[in-house]
Every structure is written in C-alpha cells, then in structure tokens.
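Summary of the model geometry
Below, each chain spelled out in residue letters.
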Amino acid sequence: MFALIDATKEQAAGKYVYCAAECKNCKRDGVSKVSFLKYLGQSDGRTMYEIPLAPFTLVVSMYCEACGETSKYSRSEIQVIGTEQAPPSDFVEQF
Ligand SMILES: [Zn+2]
C-alpha cells in the first residue's frame, strides 16, 4: 500500500530523496529542524513520490535527534525533500 505525496520542484531538487518532517518540539523553540523518516532513493526528477504507508495510516511517530523528542505527524505534515546528502551508514528509517 502506498500514499502519494507531492513535492514542489524546489523541495524535490537534490540527488537523494527522503520522506521528512519538521520537528514540532524544535519549532516551538523557534528552531527549524527537519528530520528524515525514510530514504526513498535517488532522484529521477519526479515531484510525486509513493510513500510506503497504508492510506489509512493517519499518524507516524518521528524521533528527533536534535531534541530527543518523539512526536506524532499526520500525513499532511510529511514532506518529500531532496538533498545532496546521501543516507549515512547509520541512518535509521522510522517506518
Ligand atoms: Zn526536535
């Protein structure tokens, strides 16, 4: 089962594409910390990505290593982000 998430061209620009969310707890402190939930693969120029979440999955828990908090995120809060940063060898996928 997959959910489709649409990114803007700017968001999806970058070689390595991730599913990500902005930490709510950090945001309350005025800090923008985007954490990666899942590595989706190398970019092929698409802006629409299939996220391996069942359509009825309403929330995903995400641990933020900046503040150590785990918060819940709805599907609408999950973004697709491309960066030039390859997944580190110790990258932990969160779903
Ligand atoms: Zn945080």
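In this text, all values refer to a predicted model and were calculated from it rather than measured experimentally.

**Re the overall build of the chain**
- Secondary structure assignment for the chain yields two helices and seven strands.
- Starting at the N terminus, the α and β elements of the chain follow one another as β-α-β-α-β-β-β-β-β.
- Taken along the three principal axes of its C-alpha coordinates, the chain extends 35 × 30 × 25 Å.
- Scored against the burial criterion, the 95 residues of the chain give a buried share of 35%.
- Considering only contacts within the chain whose residues lie at least 6 apart along the sequence, 70% involve residues at least 24 apart.
- Accessible surface, the chain: about 5700 Å² in total, of which carbon and sulfur atoms supply 52%.
- For the chain, the separation between the mean place of its 10 positive charges and that of its 12 negative charges on side chains is 4 Å.

**Digging into the environment of Leu37**
- Of note, Leu37 is situated in strand β3 (residues 34-42).
- The class for Leu37 is buried, based on a relative accessible area of 0%.
- Those residues in contact with Leu37, other than ones at most four positions away along the chain, are Cys19, Ala20, Ala21, Val60, Ser61, Met62, Ile78, Phe91, Val92, Glu93, Gln94 and Phe95.

**Side note on the pattern of salt bridges**
- If you walk through the whole model with that rule in mind, you get four salt bridges.
- The salt bridge partner of Glu22 is Lys27, with a shortest N-O separation of 3.7 Å.
- Glu22 gets classed as partly exposed once you look at its relative accessible area, which sits at 22%.
- A residue is classified by how much of its surface remains accessible, and Lys27, at 52% relative accessible area, is exposed.
- Two residues, Arg46 and Asp44, come together in a salt bridge whose shortest N-O distance is 3.0 Å.
- When its relative accessible area of 41% is taken as the criterion, Arg46 is described as partly exposed.
- Judged by its relative accessible area of 54%, Asp44 is exposed.

**Considering the sheet that holds β3**
- As summarised here, the arrangement of the three strands in space is β3-β2-β7, forming an open sheet in which the pairing is antiparallel. Two strands in the sheet have a free side with no partner beyond their single neighbour: β3 and β7 (79-83). Pairs of neighbouring strands in the sheet enclose a mean axial angle of 35 degrees, with direction left out of account.

**A closer look at the coordination of the zinc ion**
- Within the first shell, the zinc ion binds the protein through Cys23 (SG), Cys26 (SG), Cys64 (SG) and Cys67 (SG), at distances of 2.3 Å.
- Classification of the site at the zinc ion rests on its four donor atoms, whose angles at the metal span 106 to 114 degrees, yielding the label tetrahedral.
- For the zinc ion, the single-chain donor residues occur in sequence as C-x2-C-x37-C-x2-C. One end of the pair, Cys23, is in the loop between β2 (16-22) and α2 (24-28); the other, Cys64, is in the loop between β5 (59-63) and β6 (70-74), and 41 residues separate them in sequence. Across the pair, Cys64 and Cys23 agree in class, each one buried.

Conventions and cut-offs
Residues numbered from 1 in each chain as written. Predicted model: local features only at pLDDT ≥ 70, side-chain atom pairs only at ≥ 80, totals over all residues. Heavy atoms only, no water. Helix = DSSP H or I, 4+ residues; strand = E, 2+ residues; numbered from the N terminus. Buried < 20%, exposed > 50% of the residue type's maximum accessible area, 1.4 Å probe, protein only. Contact = heavy atoms within 4.5 Å. Areas by Shrake-Rupley, 256 points an atom, 1.4 Å probe, with all protein chains shown as cover. Lys, Arg positive; Asp, Glu negative; His and termini not counted. Charge placed at Lys NZ, Arg CZ, Asp CG, Glu CD. Salt bridge = Lys/Arg side-chain N within 4 Å of Asp/Glu carboxyl O. Pairing = 2+ DSSP bridges. Axes fitted to C-alpha atoms, helices over the stretch in contact; angles between N-to-C directions. Donors = N, O, S within 2.8 Å, 3.2 Å for Na, K, Ca; no water. Tetrahedral: all angles 85-135°; square planar, octahedral: opposite > 155°, others 65-115°.

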